[in-house]
Amino acid sequence: MIGMVLAAGKGQRLQPLTAALPKTLLPVDGERTILDIALGNFSAVGLEEAVIVTGFAAERIDERLEALSDRYGLALRTVFNPKALEWNNAYSLWCGRDEFARGVLLANGDTVHPSSVEESLLSDRNGDDLVIALDRAKTLGEEEMKVH
């Protein structure tokens, strides 16, 4: 199993912070970025490899890959979404589709959560089951993803 981070979005609503920086590289805890948290969570649950689906300002992630790999002990590589500015997360998933046969632990590049979420997901899976984490306590805004 590998980790996958969908990190192709521009983060238009976060301008000017994301004018030349993907939102996944925004710091949320000192120097620690959203991407740092996702990769740290993968490492904490024992994953050894991760793919980052990039798009907007992909070079900003590419230039940090080696340092991120060293920091989290993960073999990292990127997959580029050429339609990141036109289409949504579903197309980023499509770009990473070749990885699914290996088993993927997926994280959105704009969410922050503790590694206990990954731990729960991994402990709740049975065979080929698809498992999804839902926050049933939070009231969701209009722009947030929902599950019905």
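Anything mentioned here points back to the structure above.
All values reported here derive from a predicted model rather than from experimental measurement.

Engineer: Run through the pattern of salt bridges, naming residues and quoting values.
Structural biologist: Tallied over the entire structure, the rule returns seven salt bridges. When the shortest N-O distance is used, the salt bridge between R71 and D36 registers 2.7 Å. In this pair, R71 sits in helix α3 (residues 65–72) while D36 sits in helix α1 (residues 34–44), placing the two residues 35 residues apart along the sequence. Two residues, R60 and E63, come together in a salt bridge whose shortest N-O distance is 3.0 Å. Residue classification places R60 among the partly exposed positions, given a relative accessible area of 24%. Take E63: its relative accessible area is 54%, and that puts it in the exposed class. In the salt-bridge network here, residues are joined through shared partners; they are E49, R77, E99 and R102.

Engineer: Give a detailed account of the environment of Y72, specifying residues and quantitative values.
Structural biologist: In this fold, Y72 is placed in helix α3. On the accessibility criterion, Y72 (14% relative accessible area) is buried. Between the alpha carbons of Y72 and S43 there is a distance of 6.0 Å; along the sequence they are 29 residues apart. If we ignore the near neighbours within four places in the chain, the residues touching Y72 are D36, L39, G40 and S43. Here the side chain of Y72 touches D36 through a polar contact of 2.9 Å, side chain to side chain.

Cut-offs used in this document
Residues numbered from 1 in each chain as written. Predicted model: local features only at pLDDT ≥ 70, side-chain atom pairs only at ≥ 80, totals over all residues. Heavy atoms only, no water. Salt bridge = Lys/Arg side-chain N within 4 Å of Asp/Glu carboxyl O. Helix = DSSP H or I, 4+ residues; strand = E, 2+ residues; numbered from the N terminus. Buried < 20%, exposed > 50% of the residue type's maximum accessible area, 1.4 Å probe, protein only. Contact = heavy atoms within 4.5 Å. Polar contact = N/O pair within 3.5 Å; in protein donor to acceptor, adjacent residues only side chain to side chain.

Just distances and angles here, no functional claims.
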